[in-house]
Amino acid sequence: SQTIHQWPATLVQPVGSPLSLECTVEGTSNPNLYWYRQAAGRGLQLLFYSVGIGQISSEVPQNLSASRPQDRQFILSSKKLLLSDSGFYLCAWNQQASSYNEQFFGPGTRLTVL
Amino acid sequence: AQSVTQLDSHVSVSEGTPVLLRCNYSSSYSPSLFWYVQHPNKGLQLLLKYTSAATLVKGINGFEAEFKKSETSFHLTKPSAHMSDAAEYFCVVSDLRNAGNMLTFGGGTRLMVKP
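What you are looking at is a predicted structure, and each value in this text was computed from that prediction instead of being measured.

Q: Which residues make up the side chain of Gln6 of chain B, and what values do they have?
A: Residue and element names in this part refer to chain B. For Gln6, the location among the structural elements is in strand β1 (residues 3–6). One polar contact links the side chain of Gln6 to the main-chain carbonyl oxygen of Tyr89, over a distance of 3.0 Å. Polar contacts involving the side chain of Gln6 include one to the main-chain amide nitrogen of Cys91, which spans 2.9 Å.

Q: An account of the environment of His75 of chain B is requested, with residue identities and associated values reported.
A: Residue and element names in this part refer to chain B. As for its placement among the helices and strands, His75 is situated in strand β9 (residues 73–78). Ignoring anything within four residues of it in the chain, the contact list for His75 reads Leu20, Leu21, Arg22, Cys23, Asn24, Trp35, Glu64, Ala65 and Glu66. Looking at His75, its side chain comes within polar contact range of the main-chain nitrogen of Cys23, at 2.9 Å.

Q: Account for the pattern of salt bridges, with residues named and values stated.
A: Counted under the stated rule, the structure contains seven salt bridges over all chains. Here Arg37 of chain A makes a salt bridge to Asp85 of chain A, at a shortest N to O gap of 3.6 Å. Separated by 48 residues along the polypeptide, Arg37 of chain A in strand β4 (residues 32–38) and Asp85 of chain A in the loop between β8 (73–78) and β9 (87–94) bring together distant segments of the chain. Among the residues examined, Asp85 of chain A registers a relative accessible area of 3% and is labelled buried. Residue Glu88 of chain B pairs with Arg110 of chain B through a salt bridge whose shortest N-O separation is 2.8 Å. In this pair, Glu88 of chain B sits in strand β10 (residues 87–94) while Arg110 of chain B sits in strand β12 (residues 109–114), placing the two residues 22 residues apart along the sequence. For Arg110 of chain B, a relative accessible area of 37% puts it in the partly exposed group.

Q: Please give an account of the packing of aromatic side chains that cites residues and values.
A: Within the structure shown, the criterion is met by 15 aromatic pairs over all chains. Ring centres of Tyr36 of chain A and Phe105 of chain A lie 5.5 Å apart, and the angle between their planes is 40 degrees; this geometry places the pair in the tilted category. Pair noted here: Tyr36 of chain A is in strand β4 and Phe105 of chain A is in strand β10 (residues 104–105), with a separation of 69 residues, a long-range link. Accessibility assignment for this pair places Tyr36 of chain A and Phe105 of chain A in one class, buried. Among the aromatic residues, ring-to-ring pairing joins Tyr34, Tyr36, Tyr49 and Phe105 of chain A together with Phe34, Tyr36, Phe90 and Phe105 of chain B into one connected group.

Q: Run through the sheet that holds strand β1 (residues 3–7) of chain A, naming residues and quoting values.
A: Residue and element names in this part refer to chain A. The strand order β1-β3-β8-β7 describes an open sheet built from four strands, whose pairing is antiparallel. Sheet topology places β1 and β7 (64–70) at the edges, where each strand pairs with a single neighbour. Put simply, the sheet's adjacent strands are angled 20 degrees from each other on average, direction ignored. Sheet topology places β1 next to strand β3 (residues 19–26); five bridges connect them, and they run antiparallel. Opposite His5, over in β3, you have Thr24 as the bridge partner.

Q: Account for the nonpolar core, naming residues and giving values.
A: Trp35, Leu48, Phe74, Leu76 and Tyr89 of chain B are the most contacted members of the largest nonpolar core, which has 26 residues in total. The element best represented in this core is β10 of chain B, accounting for four residues. The contact partners of Phe74 of chain B, leaving out residues within four places of it in the chain, are Cys23, Leu33, Phe34, Trp35, Leu48, Tyr50, Val57, Ala65, Glu66, Phe67 and Cys91 of chain B. Judged by nonpolar contacts, the second largest core, of 20 residues, contains Leu11, Leu21, Leu47 and Tyr89 of chain A.

Thresholds applied
- Residues numbered from 1 in each chain as written.
- Chains lettered and ligands numbered in written order.
- Predicted model: local features only at pLDDT ≥ 70, side-chain atom pairs only at ≥ 80, totals over all residues.
- Heavy atoms only, no water.
- Helix = DSSP H or I, 4+ residues; strand = E, 2+ residues; numbered from the N terminus.
- Polar contact = N/O pair within 3.5 Å; in protein donor to acceptor, adjacent residues only side chain to side chain.
- Contact = heavy atoms within 4.5 Å.
- Salt bridge = Lys/Arg side-chain N within 4 Å of Asp/Glu carboxyl O.
- Buried < 20%, exposed > 50% of the residue type's maximum accessible area, 1.4 Å probe, protein only.
- Phe/Tyr/Trp six-rings, centres within 6.5 Å; stacked < 30°, edge-to-face > 60°.
- Pairing = 2+ DSSP bridges.
- Axes fitted to C-alpha atoms, helices over the stretch in contact; angles between N-to-C directions.
- Core = buried A, V, L, I, M, F, W, Y, C linked by side-chain atoms within 4.5 Å.

Have a look at this one:
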């Protein structure tokens, strides 16, 4: 069966510090991968998605970036965090050949920028 | 273009009473529709999905949803609420034609269950 991992689970960082969040998927190959952000009391905002190694599409302009160095690894980064980067970050995957597009979500990372 | 509207941002019910969470969608193609549930500080869990095989879809934990094309609705119901059902619920639409297999999320409905 497939599983998706995210770490760390929680993170408190000062403004201006760098960020690296990691997501890995097990039990599948060549998945689509997604990063979402959920601000307090708000819905999900798609940040990035990837259909293959090294292929990243950005949905919103921001000071975050994403990379996919391996087939089942997706990394979210920032060089200098802003207060507005605080939120709950969710990674998700689905099968590229899926007929119905449902996505499967990781447990999330709670980021607090002080 | 596709969109999802969850008509209630908050719903409060008493334990043992029925649950109704409303969702309307807009899609220019035959959509796939989903309901996800999110408990506090957790990821999203798929409750059920509409795949055009049957208009009444049964999911986990006693939830079900009915696809009504004429009303462009996909409301989520449960006959009897349990305390553990208290969570945020998201209605989601997918248009298979979009690049990257992306989903469009509704704004969410927070379900509160009173003892």
